[in-house]
Amino acid sequence: MKKKAGRIISLFLCIALAMTMIGCGDGSDDSDKTIKIGVSIWNSSDQLGSQCKRILDQAAAALGDVELEYIDQGHVSDKVAASVEKLIEDGCKGIIVCNSADKEMSSIIRTCDDDGVYVAQFFRIVSEQESPDIFDLAKDSQYFVGAVHEDEKDNGKHLGNILLERGCRKIGMIGWEQGDATWLERWEGYQSVVNEWNSTHINDTAELTEPQYAGTTSEGGEKAADFLINANPDLDAIVPAGGGGEPLDGALKAVEKAGKTGDIKVVSTDFRDDLEERLQNGSITAESGGHYCDPLFAMLMVYNAVRGHYSDFAGQFNEILYPYLFVDSPEAYSNYKKYFVDQLPYSDAEIREMAGMRLEELAEKAASLSIDDARNRSGK
């Protein structure tokens, strides 16, 4: 009987050991080990990308058990997919990715499913309307954690209203890539506000040009803006859609080269380092963006998935919606600068606290971010 009992105990211990080993591979809590998280990003050194890297590096240091690996992929479709494969090869257990068009996410989700690696989008979301099959793929995945993004239609409407109220009637559009879900929603917001304006201003109508595409480079932005200026003598506004700030830089060069600074109003998304000066001299009319915190929350989602704190992703599509910050004057920018440039909007202690939040609590935390919120939390 003693021998039989010993064999049973030994068998039980073997099963328990095996289950522990399996648990380490499927996202169960393994708090003694450092988690390697990959960051597939368009550019980690441009104006927006460097701010993203700054807050991610802060978060990794604050948590103390995260190692980050960055790959810059330039928003080139095949490079985006290849970057995810490389991060998996390098041992990443979780990945956050931007930019990521819907077609790229199809490949990325399948790759992460095959390799058992968690993935989340930041500054992006798969479009349920434009790509229902890919949306369903993300929803059914055990490893697609979710998406952190903004209300892009509202973004376009808000900036479009600023242009209309300041007298602009021929607005040149510059996107970064055709088919990008974020760009399409932003463009839809601009178009909707122009349509609303035209319905009530029959004798003072406005129009958007067909978009030119700039990629995510300054050269692309300059070329696109040159075309719009030369093709539209009555152009009085240009909207570089974003792309980390580089296309905006090129568009500003084109406007200056044409001698139309101030005559052609410029609004964009993604804050520049010299935004305060640009608002003062009139070369930029308004910008949205500013918080650069999407990747932080995407990383926390993936971190908790790898740790086993978040699970059961199949059958649901998790999203965290962030509010944009808008500045349209030097005064508005100075308040932003205090709490988002001179310091980061979250402290180390707050990041550690957020890492322990449920997904619903994280979403509430993101939704509350504003300049006033950051000022109140800083106590200044």
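Turning to the pattern of salt bridges, a few remarks are in order. Overall, the coordinates contain 24 salt bridges when judged by the stated rule. Residues joined by salt bridges that share partners form a network here, namely Asp249, Lys253, Glu256, Arg272, Asp274 and Arg278.

Our focus in this paragraph is the packing of helix H12 (residues 330-340) against helix H15 (residues 371-378). At their nearest, the axes of H12 and H15 sit 9 Å apart, and the two run at 45° to each other. Judged by the angle between their axes, H12 and H15 are oblique. As for how H12 packs across H15, the hand of that crossing is left-handed. Where H12 approaches H15, its residues Ala332, Asn335, Tyr336, Tyr339 and Phe340 are matched on the opposing element by Ile371, Ala374, Arg375 and Ser378.

Take the sheet that holds strand E4 (residues 118-122) next. Taken together, six strands build an open sheet; the order of strands is E2-E1-E3-E4-E5-E12 and the sheet is parallel. For this open sheet the edge positions go to strand E2 (66-72) and strand E12 (319-322), each flanked by a neighbour on one side alone. Direction aside, neighbouring strands of the sheet carry axes that sit 15° apart on average. As defined by bridge partners, strand E1 (residues 35-41) adjoins strand E3 (residues 94-97) across four bridges and the pair is classed as parallel. Bridge pairing in E3 places Ser40 opposite Val97. Strand contacts of helix H4 (residues 102-115): E3, E4 and strand E5 (144-150), with the helix running at about 155° to E4, the strand carrying the most contacts. Set on the sheet, helix H11 (residues 294-307) makes contact with E1, E2, E3, E4, E5 and E12; between it and E5 the angle comes to about 165°.

An α-helical turn contains 3.6 residues, so any two residues separated by three or four positions project in the same direction. Along helix H13 (residues 348-355), the residues that are buried comprise Glu350, Ile351, Met354 and Ala355. Here the buried residues of H13 occupy an arc of 140° about the axis, which is enough to place them on one side.

Okay, the environment of Ala224 next. With respect to the element layout, Ala224 can be found in helix H8 (residues 218-231). In sequence terms Ala224 and Gly356 are 132 residues apart; their C-alpha atoms lie 45 Å from each other.

What counts and what doesn't
- Residues numbered from 1 in each chain as written.
- Predicted model: local features only at pLDDT ≥ 70, side-chain atom pairs only at ≥ 80, totals over all residues.
- Heavy atoms only, no water.
- Salt bridge = Lys/Arg side-chain N within 4 Å of Asp/Glu carboxyl O.
- Axes fitted to C-alpha atoms, helices over the stretch in contact; angles between N-to-C directions.
- Helix = DSSP H or I, 4+ residues; strand = E, 2+ residues; numbered from the N terminus.
- Parallel < 35°, antiparallel > 145°, perpendicular 65-115°, else oblique.
- Left-handed = near helix turned anticlockwise from the far one by under 90°.
- Contact = heavy atoms within 4.5 Å.
- Pairing = 2+ DSSP bridges.
- Buried < 20%, exposed > 50% of the residue type's maximum accessible area, 1.4 Å probe, protein only.
- Arc of directions from axis to C-beta.

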